[in-house]
Amino acid sequence: AEVVGEDLRALIGNQVAALDPADREAAAAASVAGTAAPAAAVAAALGVEDEDAEAAMRRVAERSAILSARAPARWPDGTHTALFAFRHSLYQQVLYDSLPLQRRARVHARIGARLATAFASEPASHAAEIARHLAEGGQAREAVPWLLAAADVALGRSGHAEAVDLLEHAGRLLARLEEDGDRIRLEARTLDMLAPALIAVRGWAAPEVREAYERALELCRLLPDETPLE
């Protein structure tokens, strides 16, 4: 994130404060959605209809220098949504930083859940983004399958280092969960992908490789013989 000077932060804060309350809420939710924010994601974050979120974002675009309209997007679930981009990353950062942590997490979780529904038929296309929202929203169990999907995409283009980062993130999330059958299966799948990716990045001799295989073996002993990892 860029370091925003106090004078510039105050200037942006004044522009935000000049917005109507509903429009200000939409702009803040958009800062969580991303540099290019879909109105449907903002609607999910705010618990309003898509057209109401779009109208609020359009007013922000027309009455301030915060957002600008972009070509609409169509999601795999059939949703046709307006798209608005921040004119500068500093607007997004100041709005994002203005959100209390609990509210920010709640917005992340709602956006992640909406995107997960929208892209369920094409999980690879937005897997990393969905995983990030769910993880930031405190939805560790829901985030892990999306991290695995994102890692699979990375491996498909020989991005072994990126895959290791994603899978290790999945491992950290799993460590927070109670060790039930679902968590064991998810961790086993994670390690099944992580070990060969670690070999590609750090070599056979890396201690993390041995640890991954040993833990995977331990988990497999806990699973019924017929349990698939996928």
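Provided above is the structure to which this section pertains.
Here is a short report on the structure shown in this document. (Residues numbered from 1 in each chain as written. Predicted model: local features only at pLDDT ≥ 70, side-chain atom pairs only at ≥ 80, totals over all residues. Heavy atoms only, no water.)

Brief notes about the pairing of strand E3 (residues 80-86)
The cut-off we apply is this: Residue burial is assigned from relative accessible area. The probe radius is 1.4 Å, only protein chains are included, and a residue is buried under 20% of its type maximum, exposed over 50%, and partly exposed in between. Under the DSSP-based scheme used, a helix requires at least four consecutive residues in state H or I and a strand at least two consecutive residues in state E, with every element numbered from the N terminus. Paired strands, as defined in this entry, are two strands with at least two bridges between them according to DSSP.
Taking burial as the measure, the seven residues of E3 include six buried ones, the bulk of the element. Sheet analysis places strand E1 (residues 36-38) next to E3, joined by three bridges and oriented antiparallel. Within E3, the position partnered with alanine 37 by the bridge is phenylalanine 84. As paired elements, strand E2 (residues 67-74) and E3 share six bridges and run antiparallel to each other.

Let's talk about the packing of helix H2 (residues 21-33) against helix H6 (residues 101-118)
Under the convention used in this document: Axes here refer to lines fitted to C-alpha atoms; in helices the fit is confined to the stretch in contact. Angles between the N-to-C directions go from 0 to 180 degrees. Should an angle fall under 35 degrees it is called roughly parallel, over 145 degrees roughly antiparallel, and 65 to 115 degrees roughly perpendicular, with every other angle called oblique. What makes a crossing left-handed is the near helix being turned counterclockwise from the far one by less than a right angle; a clockwise turn instead makes it right-handed. We call two residues contacting when some pair of their heavy atoms lies within 4.5 Å. Each residue gets one of three labels, nonpolar for Ala, Val, Leu, Ile, Met, Phe, Trp, Tyr, Cys and Pro, charged for Asp, Glu, Lys and Arg, and polar for the others, Gly among them.
Between H2 and H6, the least distance of the axes is 9 Å, while the angle of their chain directions is 70°. Judged by the inter-axis angle, H2 sits roughly perpendicular to H6. H2 and H6 meet at a crossing whose hand is right-handed. Here Glu25, Ala29, Val32 and Ala33 of H2 come into contact with H6, specifically with Arg103, Arg104, Val107, His108 and Ile111. In terms of residue class, the contact of H2 with H6 is made up of five nonpolar, one polar and three charged.

Details of the packing of aromatic side chains
The condition is simple: To pair, rings of Phe, Tyr and Trp, with the six-membered ring standing in for Trp, must have centres within 6.5 Å; the planes then decide the type, stacked if under 30 degrees apart, edge-to-face if over 60, and tilted in the middle.
The final tally for this structure, using the stated rule, is one aromatic pair. Ring plane angle 50° and centroid distance 5.8 Å describe the contact between tryptophan 75 and phenylalanine 119, whose orientation is recorded as tilted. Of this pair, tryptophan 75 sits in the loop between E2 and E3 while phenylalanine 119 sits in the loop between H6 and helix H7 (123-136), placing them 44 residues apart in sequence. Comparing tryptophan 75 with phenylalanine 119 shows no difference in burial state: the two are buried.

What about the sheet that holds E1?
Here three strands make up an open sheet; going across it, the order is E1-E3-E2 and the pairing antiparallel. Edge strands, defined here as strands with exactly one partner in the open sheet, are E1 and E2. Neighbour to neighbour, the strand axes of the sheet diverge by 30° on average, direction disregarded.

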